[in-house]
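Each chain is listed here by its residues.
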Amino acid sequence: MTALRIGMGVDFHPLKTGREFWIGGILIPHHQGADGHSDADVLLHTICDAMLGAAGLGDIGTHFPDTDMAYKNIDSKILLSKTLQLITAKRYHLVNIDATLCLQAPKIKPYVPQMQQAIAQLLHIT
């Protein structure tokens, strides 16, 4: 019998004028974006943390520290793909993701199908 492992991730980034607003691997039009060392995609970072935590591999900061210039302005889709490689190397596989976003603005409901498609494609899940 295969052991089921569940991870939980959380991430916060302040909003800043002059930044692009990436969530769930897609660019959403907005007058502000999340500030961070990478593209600051809070949803993908949260998913990375959940995956790493479930596999007992620490957190996103352990593997992709904000002190490493290699990750400066990196696309978080790359971080998610690298996270998948880390858990796959430990012989884990992903079954499902459930995530909650808490924002006042912008409204993201119109973008949810695009986010789901982008994440499913990156993680090879349906």
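Residues numbered from 1 in each chain as written. Predicted model: local features only at pLDDT ≥ 70, side-chain atom pairs only at ≥ 80, totals over all residues. Heavy atoms only, no water.

Turning to the overall build of the chain, a few remarks are in order. Counting its regular elements, the chain contains four helices and four strands. Listed by position from the N terminus, the elements making up the chain come as β-β-β-β-α-α-α-α. For 126 residues, the compact-globule estimate of 2.2 N^0.38 gives 14 Å, and the C-alpha radius of gyration of the chain, at 14 Å, lies within 12% of that figure. Reported as C-alpha extents along the three principal axes, the dimensions of the chain are approximately 50 × 35 × 20 Å. A total of 126 residues make up the chain; the buried ones form 39% of that total. Contacts spanning at least 24 positions in sequence make up 60% of the contacts within the chain whose residues lie at least 6 apart. Carbon and sulfur atoms provide 56% of the accessible area of the chain, an area that totals close to 8000 Å². (Helix = DSSP H or I, 4+ residues; strand = E, 2+ residues; numbered from the N terminus. Rg over C-alpha atoms; globule rule 2.2 N^0.38 Å. Buried < 20%, exposed > 50% of the residue type's maximum accessible area, 1.4 Å probe, protein only. Contact = heavy atoms within 4.5 Å. Areas by Shrake-Rupley, 256 points an atom, 1.4 Å probe, with all protein chains shown as cover.)

The next subject is the nonpolar core. If you look at the biggest cluster of nonpolar residues, it comprises 28 residues, and the most contacted ones within it are Ile28, Ile47, Met51, Leu79, Leu80, Met115 and Leu123. Where this core is concerned, the elements lending two or more residues are α1 (42-54), α3 (76-89) and α4 (112-123). Apart from the residues within four sequence positions on either side, Leu79 is in contact with Ser38, His45, Cys48, Ile60, Phe64, Tyr71 and Ile74. (Core = buried A, V, L, I, M, F, W, Y, C linked by side-chain atoms within 4.5 Å.)

Within the secondary structure, Leu122 sits in helix α4. Overall, Leu122 belongs to the buried group, its relative accessible area being 18%. In this structure, Leu122 is in contact with Lys77, Leu80, Ser81 and Leu84, ignoring residues within four places of it in sequence.

What follows deals with the packing of α1 against α4. Between α1 and α4, the least distance of the axes is 12 Å, while the angle of their chain directions is 40 degrees. Between α1 and α4, the crossing angle belongs to the class labelled oblique. Crossing handedness for the pair α1 and α4: right-handed. For the pair α1 and α4, contact is made by Leu43, Leu44, Ile47 and Met51 and by Met115, Ile119 and Leu123, respectively. (Axes fitted to C-alpha atoms, helices over the stretch in contact; angles between N-to-C directions. Parallel < 35°, antiparallel > 145°, perpendicular 65-115°, else oblique. Left-handed = near helix turned anticlockwise from the far one by under 90°.)

Attention now goes to unusual backbone geometry. Going from Ala105 to Pro106, the amide bond is cis rather than trans, its omega being 0 degrees. Notably, Arg91 is not glycine yet its phi reads approximately 70 degrees, a positive angle. Examined against the element boundaries, Arg91 turns out to sit in the loop between α3 and α4. The exposed category is assigned to Arg91, whose relative accessible area is 76%. Even without being glycine, His124 reaches a positive phi, approximately 60 degrees. Among the structural elements, His124 can be located in the segment after α4.

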